[in-house]
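Listed here are the chains, written in short residue letters.
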Amino acid sequence: MRVFEQKRIVLGVTGSIAAYKSVTLASSLTKAGALVDVVLTDAAAKLVAPITFSSVTGRKAYIDEDLWKVDDHVLHIELGEKNDALLIAPATANTIAKMAQGMADNLLVLTALASRTSPLIAPAMDGGMYSHPATQNNLDLLNKRGVEILGPAAGHLASGLSGIGRMLEPDQLLGHLRCWLGRNGILKGKKVLITAGGTQEPIDPVRVISNRSSGKQGFAIAQAALDQGAEVILITAPVALSLPIRARVIPVKTASEMAEAVFSESDDADILIMTAAVADYKPTREADKKIKKDQGGLDAIQLERTVDILKEVANSRAKKKVGPPVVIGFAAETENLLENAKSKLENKNLDLIAANDVSRQDRGIGSDKNQVTLIWKDGQTRELPVMDKSDVSDELILEAAKLLV
Ligand code: CTP
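Quick caveat: nothing in here was measured; it's all calculated off a predicted structure.

Q: Would you mind going over the site of the ligand with me for this structure?
A: Inspection of the region around the ligand gives 16 residues, with M274, A276, V307, K344 and K348 positioned closest. At a separation of 2.7 Å, an oxygen atom of the ligand approaches a polar backbone atom of A276. Here an oxygen atom of the ligand sits 2.8 Å away from a polar atom, N or O, in the side chain of D280. Computed on the free molecule, the ligand has an accessible area of 570 Å², of which 78% lies beneath the protein chains in the complex.

Structural data, given as structure tokens:
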């Protein structure tokens, strides 16, 4: 996760009970390498002590009193001018109203006024306060001024009622923030299509033929592309992972559903990266009732080939001159890694392939780590060390972007 490294984030915290969740957010940002300056309003400091924030960020957490300290007399200018992002989470109706009016009566709204970057805000309040015309008008005004409004979500509220007004969860805010930081990245304006997970080919209503793919590598690539400002379409077979924020996700189950989704999205895509483990065979027919074990039918399942999605896209690109200028595959191998990967690169007419040894337990399928060798169609190769899947993804996305120019 390089997107946060050494980034200066001002995290404004205001007086909603969701303030306790902002501690997790501050901690996650810090772990990801950001320098987090927390600014609390008086009300926020009544709910969560500043020391709780400074303990997780390793930096001072500011309160209004700091504004009046002699040596820090331009604190709001310093915080406003030097940040890479200013996120106010939670943002109460009161702070939203103050910002809409350009008020400057506490350190946080002063900092927002002085900020060179346009703030992001995560409203949190009771449903009635959120839907009140005053709040809605204030949010409209801020939105027109370029302030990004994140959420709120629907659900249980502190009042005990249900409605719209819950602050987004820290992970979701992190996802929005990283996209925002990457908005002018090298893939800005580019459409990147990524497939992930192992397809499921039904035998009957309860049984499928599938594989061990976890989807982790594909999801990490989707995130790496988002971090570089791309529009990301993630076509995924069923996986147990949380969805990357701001990716357009198309859920599929079978190889043919995945093929249909890829074909319909690929004409105007700039990059296609097929990370999915697509079943090569599927049962010739799906029984409409559960097959009983004593009645036979499970001892010999007849199979037929599925479509080779990558090959189809690359071939139609060669014939019709439409399709992604950059097509990348993954080669999952347990033997003769480079040789097999090279022949897939040629057979499928790809620009680049990531050769992936899937025989090891400590990397590859299911693991958070991976080790790949990149092979280009001109024969050039680059062996990457064992890395986190997120770091493999950053590298792959940089190489994919180079192929675009
Ligand atoms: N792939 C595809 N359509 C298929 C099978 C695979 O698009 N029906 C893609 C995969 O997403 C991957 C690449 O082709 O990017 C290589 O997949 P892999 O499973 O390694 O190889 P296969 O082509 O299936 O060949 P084999 O199973 O014989 O190794």
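Q: Even after reading the chapter, I still don't get the sheet that holds strand β1 (residues 8-13), so can you show me in this structure?
A: Strand pairing in a sheet relies on backbone hydrogen bonds, with the paired strands running either antiparallel or parallel. Within the open sheet, the six strands sit side by side as β3-β2-β1-β4-β5-β6. Their pairing is parallel. With one partner strand each, in any of the chains shown, β3 (61-62) and β6 (148-149) form the two edges of the open sheet. Here strand β5 (residues 120-123) runs beside β6; their pairing, made up of two bridges, is parallel. Paired with I121 across the strands is I149, a residue of β6.

Q: Mind showing me how you'd approach the packing of aromatic side chains here?
A: Two measures describe an aromatic ring pair: the distance that separates the ring centres and the angle between the ring planes. As enumerated under the stated definition, the model contains zero aromatic pairs in all. Over the ring of W180 we find R183, and its NZ or CZ is 3.6 Å from the ring centre.

Q: I keep staring at the sheet that holds strand β12 (residues 231-236) and nothing clicks. Help me out?
A: Reading across the sheet, the eight strands line up as β13-β12-β9-β14-β17-β18-β20-β21 and stay open at both edges, with mixed pairing between neighbours. Every other strand in the sheet has two partners, leaving β13 (248-251) and β21 (381-383) as the edge strands with one partner each. Ignoring strand direction, the axes of neighbouring strands in this sheet form an average angle of 15°. Across the sheet, helix α11 (residues 255-266) touches β9 (191-196), β12, β13 and β14 (271-274), and the angle it forms with β9 is around 175°. In the packing of helix α12 (residues 309-320) onto the sheet, the strands contacted are β14 and β17 (326-333), and the crossing angle to β17 comes to about 155°.

Q: What's the story with the side chain of T57 in this structure? I'm lost.
A: By the element assignment, T57 lies in helix α3 (residues 50-57). Classification of T57 by relative accessible area gives buried; the value is 9%. If we ignore the near neighbours within four places in the chain, the residues touching T57 are A26, T30, V36 and V38.

Q: Explain a nonpolar patch on the surface here, please?
A: Taken together, the side chains of I17, Y20 and L47 make up a nonpolar region of the molecular surface, amounting to roughly 310 Å² of accessible area. For I17, the location among the structural elements is in the loop between β1 and α1 (19-31).

Q: When you look at the side chain of H176 in this model, what are you seeing that I'm missing?
A: Position of H176 among the secondary structure elements: in helix α9 (residues 170-181). Residue classification places H176 among the buried residues on the basis of a relative accessible area of 15%. Ignoring sequence-local partners within four residues, the contact set of H176 consists of L150, L168, I245 and R246.

Q: What am I meant to see in the packing of α1 against α3 here?
A: Working note: a packed helix pair is described by the angle between its axes plus the distance between those axes. One way to put it is that α1 packs onto α3 with a least axis distance of 8 Å and a crossing angle of 20°. Overall, the two elements α1 and α3 adopt an arrangement that is roughly parallel. Both α1 and α3 take part in a crossing whose hand is right-handed. On the side of α1, the interface is formed by A19, S22, V23, A26, S27 and T30, while α3 contributes T52, F53, V56 and T57.

Q: Before we go on, may I ask you to explain the pairing of strand β18 (residues 352-357) in this structure?
A: Regular strands place side chains that alternate from one sheet face to the opposite one. Along β18, five of the six residues are buried, which leaves the element largely enclosed by surrounding structure. Examined bridge by bridge, β17 and β18 share six bridges and lie parallel to one another. Each bridged residue has a counterpart across the sheet, and for A332 the counterpart in β18 is N356. Each parallel crossover has a hand, and the one from β17 via helix α13 (residues 337-347) to β18 is right-handed. As paired elements, β18 and strand β20 (residues 372-376) share five bridges and run antiparallel to each other.

Q: So what exactly am I meant to see when it comes to the domain arrangement of the chain here?
A: Think of interface size as the accessible area that goes away when the parts come together; that is how it is often given. When its domains are assigned, the chain resolves into domain 1 (2-181) and domain 2 (191-404). Put simply, the middle of domain 1 and the middle of domain 2, counted by C-alpha atoms, are 39 Å apart. Listed by partner, the interface residues are nine residues for domain 1 and nine residues for domain 2. For the pair domain 1 and domain 2, the summed buried surface comes to about 880 Å²; carbon and sulfur atoms form 46% of the total. Considering only the surface of domain 1 that becomes buried against domain 2, R2, R178 and C179 emerge as the three largest contributors, covering 62% of it. At the surface where domain 1 touches domain 2, the tally comes to four salt bridges. As a salt-bridge pair, R2 and E395 come within 3.1 Å of each other at their nearest N and O atoms.

Q: What's the story with helix α5 (residues 93-101) in this structure? I'm lost.
A: Since the α-helix turns once every 3.6 residues, residues separated by three or four places project in the same direction. By the burial criterion, the buried members of α5 are A93, T95, I96, K98, M99 and A100. The inward-facing, buried residues of α5 contact β4 (85-91), α6 (107-114), β5, α7 (127-131) and α8 (133-144). At the exit of α5 stands G102, carrying a positive phi of roughly 70°.

Q: Please explain the nonpolar core as it appears in this structure.
A: For soluble globular proteins, the rule of thumb is that nonpolar side chains tend to be buried together. Core analysis: the largest hydrophobic core is formed by 34 residues, its most contacted members being F4, L11, L29, V38 and F53. Within the residue set of this core, elements represented by two or more residues are β1, α1, β2 (35-40), β4, β5 and α9. Discounting chain neighbours no more than four positions away, the residues touching V38 are L11, V13, A26, F53, T57, K60, A61 and Y62. Of all hydrophobic cores here, the second largest spans 32 residues; its members include C179, L187, I273 and V326.

Q: When you look at the pattern of salt bridges in this model, what are you seeing that I'm missing?
A: Oppositely charged side chains are able to pair whenever their charged atoms sit close together. For the structure on display, the rule yields 27 salt bridges. Between K98 and D105 there is a salt bridge; the shortest N-O distance is 3.0 Å.

How each quantity is defined
- Residues numbered from 1 in each chain as written.
- Predicted model: local features only at pLDDT ≥ 70, side-chain atom pairs only at ≥ 80, totals over all residues.
- Heavy atoms only, no water.
- Near = heavy atom within 4 Å.
- Polar contact = N/O pair within 3.5 Å; in protein donor to acceptor, adjacent residues only side chain to side chain.
- Areas by Shrake-Rupley, 256 points an atom, 1.4 Å probe, with all protein chains shown as cover.
- Pairing = 2+ DSSP bridges.
- Helix = DSSP H or I, 4+ residues; strand = E, 2+ residues; numbered from the N terminus.
- Phe/Tyr/Trp six-rings, centres within 6.5 Å; stacked < 30°, edge-to-face > 60°.
- Lys NZ or Arg CZ within 6 Å of the ring centre and 35° of its normal.
- Axes fitted to C-alpha atoms, helices over the stretch in contact; angles between N-to-C directions.
- Contact = heavy atoms within 4.5 Å.
- Buried < 20%, exposed > 50% of the residue type's maximum accessible area, 1.4 Å probe, protein only.
- Patch = residues over 30% accessible without salt bridge, like charges linked within 9 Å, V, L, I, M, F, W, Y side chains within 5 Å.
- Salt bridge = Lys/Arg side-chain N within 4 Å of Asp/Glu carboxyl O.
- Parallel < 35°, antiparallel > 145°, perpendicular 65-115°, else oblique.
- Left-handed = near helix turned anticlockwise from the far one by under 90°.
- Right-handed = clockwise from strand over helix to strand, strands pointing away.
- Domains from an automatic or database assignment.
- Buried area = accessible area lost by both parts, 1.4 Å probe.
- Core = buried A, V, L, I, M, F, W, Y, C linked by side-chain atoms within 4.5 Å.

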